[in-house]
Amino acid sequence: MLAPDTGASDGLPPLEAVPAPRGAAHHFALKHGDTFLVTDAFGDIRGAGDGLFRDDTRVLSRFDLTLAGQPPSLLGAAVSEDNVLFTSHVTNRPLPPLGGRSIPEGVIHIERARFLWQERLYERLAVSNYSDFDTTVPLTIGFAADFRDMFEVRGSSRPMRGDIAPPQVGGDSVLLRYEGLDDLVRTSVIAFSAAPQKLTAGRADFMIAVRKHDCVELYIEVGRDRPAVPGRARFRAAAARARFSMRAGRRRGARLRSSGRLFNNWIDKSRADLALLTTELPTGPYPYAGIPWFSTPFGRDAIVTALQTLWLDPALARGVLTFLSQNQAYETSQFQDSAPGKIMHETRKGEMTALGELPFRKYYGGVDTTPLFVMLAGAYATRTADLAFIDQLWPSLEAAMGWIEDQSGANGHGFLDYARGAETGLANQGWKDSSDSIFHADGRTPDGPIALVEVQGYVYAALRAMADLARRRNELESAAHWLARAQALRTAVEDRFWMPELGFYGLATDGHGELCRVRASNAGHLLFVGLPSDDRAARVAEQLMSAPFNTGWGIRTLAHGAARFNPMSYHNGSVWPHDFGICAAGLARYGHRRSVVRLLSEAFETAVHFGMRLPELFCGFPRAPGESPIAYPVACLPQAWSSGAVFMVLQACLGLQIDAWQREIHIDRPSLPIGIDRMALQGLAVGDARIDLVFQRVGERVVVFSEGGDQDAVRILSRI
């Protein structure tokens, strides 16, 4: 994804420089489709990094509530368990008399309840009077729309902008309108259920008469156009549809339930966050990367999220593969970093990308997305035995492998590398894509092209996947070719990237063939794909769990002591849940189950401190008694591949793999999370069969058995 760039190589300031919403550590996000909302705990939009966004444009940059010109006092705020409804509770400060007696502090309660549905914001203000006298509450809603592109909100400057038209003020609504340089007209209409006493271009003033111990409701809607009059019936009907839609998303795939209440809360919140971020596209469900900065289709993020949840919900992987196949590059463009067969990195719908001011309308500057795409196809086939879908996908898979092999063969060393095509693109094109994330041991920035160690692992896995799929399609010559290429690449990686004096794999090679002799978490991804020999994997595993890497909250991206190590950086020493989730799956692959249990415990304890959510990343300071993990100020929350990390680590903990070709479930030396004695997996699909599994702690062992479902249709092969 587009990351902070201390060298500003993509023309954008680092995310650290972006103004954060008031109380940014506790911002609240809602999403539906391509519309999302970020506010503070008051429910206010202040125009920093917050707002109501539609198609990568901020269509509401101010939206705040005041009482007699002053902000209320905050009582509390939350998003509902299903991620549909945001609610903020506020009360009044002392209010001056309005032709009668003054209103003392803390007798007026206002509940702000809101949700998004079909590109529209619905809000209900419930004003309750707990005093012992009738009163009138002077309430003002301030609003504005700057119609700034997402990249402008992030700080990108523009030489020109389109025209903001004068607001059109009606009796109970205001139309805000912007005509962009791309000739698109973008609008926001703020409509009220009752006409304000005074309505101007930027504020609505109400004098709400509330009898003692009574409540008065005001409804507001914000959308592209003027709705029918907002009101209780519209609010309730739309809320019911929003909740039904979200419930359907949460119920997709197999269900997990443990003996631990808080652990269940974490699982449920993670599933709810994935349902929130998943958008139903014509190609199927697709997880958008994260809110606020990445609420759009990304290739790498979606593939990793699909891999994390594949064992529970193959439908997500199918939707991701279909979308990416349909958006595969078919031409060469340095501006877009595209080449025939390459898989998309990112797509945007805003004005700046439409005009070509930035390349991200459909951008292909990710070196790892293409092999990851092939990896996911192979994993999906093993999980589902859906060869008919693979047949449909085959031309895209062949084109992807064509690009991988052409790119690897053109550089003389056989590794898949990258060098950006234009200055507007990303300088680094692996998952650590900030400009300072790849370096030599002495801190030097390497010359390109760059060959990342984990990318070679992805290519290795992609070659093996293609070999297996080709064999199943009876294309034996192609299968032999890809299998031979995989073995040759494995040998080359072991020879070129291994650092015997450090017992670890180097981060990358540069354009001169020099190895970046840096210990980074990237090496853990090699374990995930099974490339290293057993003895080298054991040495990497030991170091990943040691103090230079493991903070006590998870694995850092970079070992303590490296030249550019900074626990507060985006990529050079912070902790990314998706990253250590992949490392955990790699550890499990080589039998290090106790380490996986420890990482799952660390992830759970981290989630507890972040409201049962794992953020995009957090700071890599070591754990200290009585202290919490340190938040990264502008991390996305929720973030799809952080929400999915629990499922990848839990699968690694249970030692569970599914082979739908053989209609088998393999369970290898299962473990349960610390403090959990029972884990039930219900409705697990293997082909057309459904099976329920139970993992039960018995003394020092964990046993597994099936109950209910189609027990005779699937073989369970377990090694306890």
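Everything that follows concerns the structure shown earlier in this document.
Residues numbered from 1 in each chain as written. Predicted model: local features only at pLDDT ≥ 70, side-chain atom pairs only at ≥ 80, totals over all residues. Heavy atoms only, no water.

Novice: Quick question: what am I supposed to make of the pattern of salt bridges here?
Specialist: Any two side chains of opposite charge can pair, given that their charged atoms come close. Tallying each qualifying case throughout the model produces 55 salt bridges. Between Glu 123 and Arg 114 there is a salt bridge, and its shortest N-O distance comes to 2.7 Å. Between Asp 146 and Arg 148 there is a salt bridge, with its nearest N and O atoms 3.8 Å apart. Exposure remark for Asp 146: the relative accessible area of 15% places this residue in the buried category. One network of salt bridges, in which partners are shared, links Arg 58, Asp 146, Arg 148, Glu 152, Arg 158, Arg 161, Glu 351 and Glu 357. (Salt bridge = Lys/Arg side-chain N within 4 Å of Asp/Glu carboxyl O. Buried < 20%, exposed > 50% of the residue type's maximum accessible area, 1.4 Å probe, protein only.)

Novice: Explanation requested: the packing of aromatic side chains in the structure shown.
Specialist: Aromatic rings in a pair are described by how distant their centres are and how their planes are angled relative to each other. Tallied over the full model, the rule gives 25 aromatic pairs. Judged by centre distance (6.3 Å) and plane angle (75 degrees), the rings of Trp 394 and Trp 482 are edge-to-face. In this pair, Trp 394 is assigned in helix H8 (residues 387-409) and Trp 482 in helix H10 (residues 476-497), connecting sequence segments 88 residues apart. The same class applies to Trp 394 and to Trp 482, which are both buried. (Phe/Tyr/Trp six-rings, centres within 6.5 Å; stacked < 30°, edge-to-face > 60°. Helix = DSSP H or I, 4+ residues; strand = E, 2+ residues; numbered from the N terminus.)

Novice: Help me understand the packing of helix H4 (residues 299-309) against helix H16 (residues 645-654) in this model?
Specialist: Each pair of packed helices can be summarised by the angle the axes make with each other and by the distance between the axes. Contact geometry of H4 with H16 gives a least axis separation of 7 Å together with a crossing angle of 40 degrees. It follows from the interaxial angle that H4 and H16 lie oblique. Relative to H16, H4 is oriented so that their crossing is left-handed. Residue-level inspection shows Leu 307, Gln 308 and Thr 309 of H4 in contact with H16, the latter providing Ala 645, Phe 647 and Met 648. Looking at the contact of H4 with H16 residue by residue, the classes come out as four nonpolar, two polar and no charged. (Axes fitted to C-alpha atoms, helices over the stretch in contact; angles between N-to-C directions. Parallel < 35°, antiparallel > 145°, perpendicular 65-115°, else oblique. Left-handed = near helix turned anticlockwise from the far one by under 90°. Contact = heavy atoms within 4.5 Å. Nonpolar A, V, L, I, M, F, W, Y, C, P; charged D, E, K, R; others polar.)

Novice: Whenever I open this one, the sheet that holds strand S29 (residues 664-668) confuses me. Can you help?
Specialist: Note on sheets: strands pair through backbone hydrogen bonds, and any given pair is parallel or antiparallel. Pairing is mixed across the open sheet formed by three strands, whose spatial order is S28-S29-S33. The open sheet terminates on both sides in strands that have one partner only, identified here as strand S28 (656-659) and strand S33 (715-719). Mean inter-strand twist for the sheet, computed between neighbouring axes without regard to direction, equals 15 degrees. Where S29 meets S33, five bridges bridge the pair, whose relative direction is parallel. Across the sheet, Asp 668 pairs through a bridge with Arg 719, a residue of S33. (Pairing = 2+ DSSP bridges.)

Novice: Just checking my understanding: could you explain the environment of Asp 149 for this structure?
Specialist: Inspection of the secondary structure assignment puts Asp 149 in the loop between strand S10 (135-144) and helix H1 (150-153). As a C-alpha pair, Asp 149 and Gly 425 span 276 residues in sequence and 18 Å in three-dimensional space. Among all residues touching Asp 149, those that are not within four sequence positions of it are Asp 56, Gly 350, Glu 351 and Met 352. At a separation of 2.8 Å, a polar atom in the side chain of Asp 149 contacts the main-chain amide nitrogen of Phe 151. (Polar contact = N/O pair within 3.5 Å; in protein donor to acceptor, adjacent residues only side chain to side chain.)

Novice: Looking at this model, I keep getting lost on the state of the cysteines. Mind explaining?
Specialist: Note: disulfide means a covalent bond formed between the sulfur atoms of two cysteine side chains. Applying the stated criterion across every chain yields a total of zero disulfides. No disulfide involves Cys 583; its nearest neighbouring cysteine sulfur is the one of Cys 653, lying 16 Å away. Residue classification places Cys 653 among the buried residues on the basis of a relative accessible area of 0%. (Disulfide = S-S within 2.5 Å.)

Novice: Explain empty space enclosed by the protein here, please?
Specialist: In this approach a probe as big as a water molecule rolls over the atoms, and the regions it shows empty are the leftover space. Using the criterion set out here, one finds six cavities of 30 Å³ or more in the structure. Gly 249, Arg 250, Arg 252, Arg 271, Leu 274, Ala 275, Thr 278, Thr 309, Leu 312, Asp 313, Leu 316 and Phe 647 are the residues that line the largest cavity. Secondary-structure elements contributing two or more residues to the lining of the largest cavity are helix H2 (232-250) and helix H3 (261-277). Looking at the lining of the largest cavity, the element that brings in the most residues is H3, giving three residues. (1 Å grid on protein atoms, 1.4 Å probe; cavity = no way out; pocket = protein on both sides within 12 Å on 5 of 7 lines; lining within 4 Å. Points joined across faces, edges and corners; volume = space filled by probe spheres on them.)

Novice: When you look at the nonpolar core in this model, what are you seeing that I'm missing?
Specialist: A general tendency of soluble globular proteins is for nonpolar side chains to be buried together. Residues Phe 115, Trp 266, Phe 373, Leu 397, Leu 656, Ile 665 and Phe 695 are the most contacted members of the largest nonpolar core, which totals 180 residues. Counting residues per element, this core draws most heavily on helix H9 (residues 453-472), which supplies twelve residues. Each residue touching Phe 373, except ones within four places of it in the same chain, is listed here: Ile 303, Leu 321, Leu 324, Ser 325, Ile 343, Leu 393, Ser 396, Leu 397 and Ala 400. With 43 residues, the next largest nonpolar core counts Leu 121, Ala 145, Ile 208 and Ile 220 among its residues. (Core = buried A, V, L, I, M, F, W, Y, C linked by side-chain atoms within 4.5 Å.)

Novice: I tried to follow the packing of helix H13 (residues 577-589) against helix H14 (residues 593-609) on my own but got confused; where do I start?
Specialist: Relative to each other, H13 and H14 sit at 160 degrees, their axes nearing to 8 Å. Between H13 and H14, the interaxial angle falls into the category roughly antiparallel. For the pair H13 and H14, the crossing hand works out as left-handed. Counted together, Phe 580, Ala 584, Leu 587 and Ala 588 of H13 and Arg 593, Ser 595, Val 596, Leu 599 and Ala 603 of H14 form the full contact between these two elements.

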